[in-house]
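Fold and contact review
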Amino acid sequence: MAGCVCRVELSVSCRSLLDRDLRSRSDPLCVLLLQPAGGAPWAELDRTERIKNCQNPDFCKKLVVDYYFEKVQKLKFGVYDIDNKSFDLSDDDYLGGIECTLGQVVSSGVFTRALELEEGKPAGKGTITISAEEIKDTRVVCLEVEARNLDKKDFLGKSDPFLEFYKQSDAGTWQLVYRSEVVIKNNLNPCWRKFSVSLQTFCGGDFNKPIKVQCADHDSDGSHDLIGAFETNLTQLQKAGDSSPVEFECIHPEKKQKKKSYKNSGIIRIKSCKIETEYSFLDYVMGGCQINFTVGVDFTGSNGDPRSPDSLHYISPDGINEYLIAIWSVGSVVQDYDTDKLFPAFGFGAQVPPSWQVSHEFALNFNPSNPYCQGIQGIVDAYRQILPQIRLYGPTNFSPIINHVARFAAHSAQQGAASQYFILLIITDGEITDLDQTRQAIVNASKLPMSIIIVGVGEADFKAMEFLDGDDGVLKSLTGEPAARDIVQFVPFRQFKNAPREALSQMVLAEVPKQLVSYYKLQGWPPLKPPEIKAV
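Residues numbered from 1 in each chain as written. Predicted model: local features only at pLDDT ≥ 70, side-chain atom pairs only at ≥ 80, totals over all residues. Heavy atoms only, no water.

1. So, the overall build of the protein
Along the protein, the regular secondary structure elements total 12 helices and 26 strands. A compact globule built from 536 residues would reach a C-alpha radius of gyration of about 24 Å, and the protein, at 26 Å, matches this within 12%. Based on the C-alpha atoms only, the size of the protein along its principal axes is roughly 90 × 60 × 50 Å. Pairs at least 24 apart in sequence give 71% of the contacts found in the protein among residues at least 6 apart. With an accessible surface of roughly 25,800 Å², the protein has 50% of that area assigned to carbon and sulfur atoms. Counting 57 positive and 69 negative side-chain charges, the protein places the centres of these two groups 7 Å from one another. (Helix = DSSP H or I, 4+ residues; strand = E, 2+ residues; numbered from the N terminus. Rg over C-alpha atoms; globule rule 2.2 N^0.38 Å. Contact = heavy atoms within 4.5 Å. Areas by Shrake-Rupley, 256 points an atom, 1.4 Å probe, with all protein chains shown as cover. Lys, Arg positive; Asp, Glu negative; His and termini not counted. Charge placed at Lys NZ, Arg CZ, Asp CG, Glu CD.)

The following block contains the structure:
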């Protein structure tokens, strides 16, 4: 196994993008794909944020890649005009892309190429520029910022201010490191949400590196108006404390030149600036966090009679079906992080002997007091044995099994330590019946050490599942309570029918490390055994 030399973050900007929108400018997003060894299909690694109405975007979100000196890592950057909330890019306009290697980007410092719609066909005058930086430091800069008496920029209202932080590169140019997500509408005295940026991104670990802060008035057509700016560095920002904020005059250079009486365009106050350690998924796992894996299998009637080859529960002559493939794919990865290898497995939506009442939470091994199966093979064996003994029925209720795992996660959370994290894999064939109760169950679970993976088998319409996956926005309960964090990942199995088996597990498990870290970060819990910090 090749050892990763380091991690690099890629900053992306584009110029002169094609304009695909009729009444406004394009809303670009850049996606990064990696071609695995052996010529396998391109796999998405990361993507930037979407910037509205902009043909010359400087993307704020950095794309992070593991760099292997001994490998040729083929990369593809694709720029798309995003006009909907779907995560899928196939229905968005392609604005151009390039193919290159990570070695080319790393060795160039700043790597600029013309965008192409296809090989040999330029995407107008569009270009893409990528710069790479090694991530050497795991610390983050946490900032709280507010402003007072900003200039009024809107004719009919006040201003809609947002912030941008830039660091000065070695070449003297300014590189965007943070843009405030929330634009505060119609407010000349805004207080922005607390945010954090990695120390590496913010200033390359150099506390005296020049930082430029710009405050601008947001316009929906992309023609934002500068309110003012100032320059500082992290050493100065760090002087801010809970009771003594650091203040900077926000200066508009043109106004300063024109008016002798000009003082400033408002005051930016740094309420607090702290350097904190950001722990990784591996820090938590290597520090002793156990990952507990639970499976929930859909046994509703819409799957079809298991004895019929048309049924999704039909086990083919070679001993598999889509349910078994999903259990193997995900379980084989997760089991390595659980020392006892005992996994609870449940079914829902079937009539169960001896009473033949419909159950939405029955143990696959028919032992409710000890529903644990020995390893992934134990789950597979229990599944095969139970199929002939139950009657597939309905409805499709998710909330009982989510609440079941949530009870264990809540008990673990009461310990106040990063000791146990819970992953629930639900495999289902279709439309959910108890959507409102499931929404509430997920919102409740989002406050617990827990992630939910839903794999949809068969050819059903999975719109409700996509709704539960928070990629398109924050999931809310029926009463309007938002999820504390995104904990659901939905994947339709049909997308992976002809792909290598590991492709499914990579897709469904890709979000789990981020979800685990986000939970413990929210709680402020370090790993049980924190790593030794080696700051550079």
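Structure's up, so let's keep going.
2. Things to note about the domain arrangement of the protein
Splitting the protein by domain gives domain 1 (6-135), domain 2 (139-277) and domain 3 (282-523). One C-alpha centre belongs to domain 1, the other to domain 2, and the line joining them spans 27 Å. Counting residues at the interface gives 14 residues for domain 1, matched by 14 residues for domain 2. Where domain 1 abuts domain 2, roughly 970 Å² becomes buried across the two surfaces, and 38% of that area is made up of carbon and sulfur atoms. Linking Glu49 and Arg179 is a salt bridge whose minimum nitrogen-to-oxygen distance equals 3.3 Å. For the pair domain 1 and domain 2, the number of links is 9 residue pairs in polar contact (both at pLDDT 80 or more). Those elements that place two or more of their residues in the side of domain 1 that touches domain 2 are β1 (6-15) and β8 (121-134). Tallying contributions element by element places β8 first for the side of domain 1 that touches domain 2, with 3 residues. Residue composition of the side of domain 1 that touches domain 2, by class: 4 nonpolar, 3 polar and 7 charged. (Domains from an automatic or database assignment. Buried area = accessible area lost by both parts, 1.4 Å probe. Salt bridge = Lys/Arg side-chain N within 4 Å of Asp/Glu carboxyl O. Polar contact = N/O pair within 3.5 Å; in protein donor to acceptor, adjacent residues only side chain to side chain. Nonpolar A, V, L, I, M, F, W, Y, C, P; charged D, E, K, R; others polar.)

3. Examining the pattern of salt bridges
With the rule as written, the count across this model stands at 19 salt bridges. The residue Arg148 makes a salt bridge to Glu146 at a minimum N-O spacing of 3.4 Å. Judged by relative accessible area, which is 30%, Arg148 ranks as partly exposed. Using a relative accessible area of 6% as the deciding quantity, one classes Glu146 as buried. (Buried < 20%, exposed > 50% of the residue type's maximum accessible area, 1.4 Å probe, protein only.)

4. Remarks on the packing of aromatic side chains
Overall, the coordinates contain 19 aromatic pairs when judged by the stated rule. On the basis of an interplanar angle of 25° and a centroid distance of 6.5 Å, the ring pair of Tyr323 and Tyr383 is categorised as stacked. Separated by 60 residues along the polypeptide, Tyr323 in helix α6 (residues 322-334) and Tyr383 in helix α7 (residues 375-386) bring together distant segments of the chain. When its relative accessible area of 0% is taken as the criterion, Tyr323 is described as buried. Taking relative accessible area as the criterion, Tyr383 reaches 0% and is therefore assigned buried. Linked through ring pairs, Tyr279, Tyr284, Tyr421, Tyr519, Tyr520 and Trp525 together constitute an aromatic cluster. Note that Arg391 overlies the ring of Trp356, its terminal NZ or CZ placed 3.9 Å from the centroid. (Phe/Tyr/Trp six-rings, centres within 6.5 Å; stacked < 30°, edge-to-face > 60°. Lys NZ or Arg CZ within 6 Å of the ring centre and 35° of its normal.)

5. Things to note about the side chain of Gln515
In this fold, Gln515 is placed in helix α12 (residues 512-523). Residue Gln515 is classed as buried on the basis of its relative accessible area of 5%. Residue contacts for Gln515: discarding those within four places in its chain leaves Tyr421, Ser451, Arg485, Asp486, Ile487 and Val488.

6. A word on the sheet that holds strand β12 (residues 195-198)
Spatially, β12-β9-β16-β15 is the arrangement adopted by the 4 strands of the open sheet, whose pairing is antiparallel. Only two strands of the sheet have a single neighbouring strand rather than two, namely β12 and β15 (246-249). Between one strand axis and the next, the sheet turns through 35° on average, direction left out of account. With 4 bridges joining them, strand β9 (residues 139-148) and β12 adopt antiparallel strand pairing. (Pairing = 2+ DSSP bridges. Axes fitted to C-alpha atoms, helices over the stretch in contact; angles between N-to-C directions.)

7. Examining a negative patch on the surface
On the surface, Glu99, Glu116, Glu118 and Glu119 cluster together to form a negatively charged patch. By secondary structure assignment, the location of Glu119 is in the loop between β7 (110-118) and β8. With relative accessibility at 78%, the residue Glu119 sits in the exposed group. (Patch = residues over 30% accessible without salt bridge, like charges linked within 9 Å, V, L, I, M, F, W, Y side chains within 5 Å.)

8. Some thoughts on helix α8 (residues 399-413)
Counting along an α-helix, one turn takes 3.6 residues, and residues three or four places apart therefore face a common direction. With 15 residues, α8 should reach 21 Å at 1.5 Å per residue; the first-to-last C-alpha distance of 20 Å fits that figure. Looking only at α8, the buried set comprises Ser399, Ile401, Ile402, His404, Val405, Ala406, Ala409, Ser412 and Ala413. Looking at the buried residues of α8, the elements they touch are β17 (290-298), β18 (342-348), β24 (420-428), α9 (435-445), β25 (450-456) and α12. (Expected span 1.5 Å × (residues − 1).)

9. Let's talk about the packing of α8 against α9
Packing of α8 against α9 brings their axes to within 9 Å, and their N-to-C directions diverge by 15°. As summarised for this structure, α8 and α9 are arranged roughly parallel, according to the angle between their axes. Considering the relative orientation of α8 and α9, their crossing is left-handed. On α9, the residues touching Ser399, Ile402 and Asn403 of α8 are Gln437, Thr438, Ala441 and Ile442. Classifying every residue of the contact of α8 with α9 by side-chain character gives 3 nonpolar, 4 polar and no charged. (Parallel < 35°, antiparallel > 145°, perpendicular 65-115°, else oblique. Left-handed = near helix turned anticlockwise from the far one by under 90°.)

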